[in-house]
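# Structure assessment
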Amino acid sequence: MKEICFTMLKLRWRWRWILLLFLVLFIFLSAIIHRPDGLKDTEGITPAHDGLRIVQAAAAILERRPLLVTIINDGFVPMTYNWLCHTAGIPNLHDDILLLAEDDVTRQRVQRDWPRLHIVSVESAGGEGPRLSGELNFYTVAYVRMMALRTRLLNELLQAGYAFVLFETDFVWFENPVPDFLDLARTKNLDLVGTNSSVDDQIMCGAFIYFRNTSRTRAVWAEVTRLMEELVEKMKVLDPTQSPPRKQNEQRYLNRLLVEKHKGIRYGLVDFETSVIDGVWYKFNKTRRQTLHPKAIHNNFLDTTREKVKRFKDFGQWVLNDDNTCNKDKVQKLLEGK
């Protein structure tokens, strides 16, 4: 330190200020590099099981933008490809995706076709229990188990200090809505930012959420994870095709905690008509739909992927060829017809 101070005294004032500026800049950049999107706060928590590999993969993604995290199985590959096709033109988007594949065969398949993605296989909760393959009908035991797996893995990321956007691929994106979530979180100092749900007793939809990494976010999601683990334990006596107890899932657990303002959680919702809208959009008449300009539409409120694919096709939102390649003409028509 003495040698550094002596050297600085020998420099002219102008150069001393330049050197000082570089030192300050170096410290500032070092802080940002070690805090993904400026919101990382690890508090010394170490991930376990599959979470370790997921966190390692997350670290490889550019840290100046949040991760976009989703989980799929083999039955959801075509839906995911349809989403990847029409979002391929959004700058940097696919580079920021961390895709969790339910098995390694699915991981290899998607990685071959979409090499830019960061993909990790999670093997159904580290090999515990039956595989969650094929079409998982909404609100069956198998579907809830998949959501429990997702909940646990997201908790691993959160407890490791990462901020991220949870998304699903049964969507059509006309534009990138993610900046809407980030802007709202920053301007209102929020922990969670989600989308409106048209379900009467729900505040936030569980399919598109920005998780700002704060102690409040971690505490809330750790509680959601605990509740989901209890639910999975209760479901062990049920067949995978049966229905679990009604109104028991991660979305309802989260909404209950939001109402209770658990641990002081602060949350917000992006605009329903201009940012992200749910499946109610498909029920509007043509005139009403034309008055809305959402950046993304969620193809939900259907029980099977077959029904979702059919609705996408009926509305001109299916851009995947039979050989799983992208139909560029249909992509262009979709995006121009917003």
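Refer to the structure above for everything that follows.
Since the model is a prediction, treat every value here as computed from it, not as a measurement.

## Details of the pattern of salt bridges
Using the criterion set out here, one finds 16 salt bridges in the structure. Close ionic contact of Arg306 with Glu135 constitutes a salt bridge, the shortest N to O distance being 3.1 Å. Taken together, the residues Arg306 in helix H12 (residues 305-314) and Glu135 in the loop between helix H6 (123-126) and helix H7 (141-159) connect sequence positions 171 residues apart. Here Arg150 and Glu250 are joined by a salt bridge, their closest N and O atoms 3.3 Å apart. Of this pair, Arg150 sits in helix H7 while Glu250 is found in helix H10 (residues 250-260), placing the two residues 100 residues apart along the sequence. Taken together, the shared-partner salt bridges connect Arg150, Glu168 and Glu250 into one network.

## Considering helix H9 (residues 215-234)
With 20 residues, H9 should cover 28 Å at 1.5 Å per step; its first-to-last C-alpha distance of 29 Å lies within 8% of that length. Residues Thr217, Arg218, Val220, Trp221, Glu223, Val224, Thr225, Leu227, Met228 and Leu231 constitute the buried set of H9. For H9, the secondary structure elements touched by its buried residues are H7, strand S6 (192-194), strand S7 (209-211) and H10.

## Quick word on the pairing of strand S1 (residues 67-72)
When a strand is regular, its side chains alternate between the sheet's two faces. Of all six residues that make up S1, six are buried, and the element is covered over most of its length. Here S1 shows no split at all, with Leu67, Val69 and Ile71 on one side and Leu68, Thr70 and Ile72 on the other all buried. Looking at chain direction, S1 and strand S4 (residues 164-166) are connected through three bridges and run parallel. Bridging from a neighbouring strand, Val69 pairs with Leu166 of S4.

## Here's the deal with the nonpolar core
Val110 and Trp173 are the most contacted members of the largest nonpolar core, which totals 52 residues. Ranked by the residues each element gives to this core, the list is headed by helix H4 (residues 77-87), at six residues. Residues Leu98, Leu158, Phe211 and Met235 belong to the second largest nonpolar core, which totals 42 residues.

## Some details on the environment of Val224
With respect to the helices and strands, Val224 occurs in helix H9. We classify Val224 as buried; its relative accessible area is 0%. Taking C-alpha positions, Val224 is 5.9 Å from Tyr253, a pair spaced 29 residues apart along the chain. Once residues within four sequence positions are removed from consideration, Val224 is found in contact with Thr151, Glu250, Tyr253, Leu254 and Leu257.

Definitions and cut-offs
- Residues numbered from 1 in each chain as written.
- Predicted model: local features only at pLDDT ≥ 70, side-chain atom pairs only at ≥ 80, totals over all residues.
- Heavy atoms only, no water.
- Salt bridge = Lys/Arg side-chain N within 4 Å of Asp/Glu carboxyl O.
- Helix = DSSP H or I, 4+ residues; strand = E, 2+ residues; numbered from the N terminus.
- Expected span 1.5 Å × (residues − 1).
- Buried < 20%, exposed > 50% of the residue type's maximum accessible area, 1.4 Å probe, protein only.
- Contact = heavy atoms within 4.5 Å.
- Pairing = 2+ DSSP bridges.
- Core = buried A, V, L, I, M, F, W, Y, C linked by side-chain atoms within 4.5 Å.

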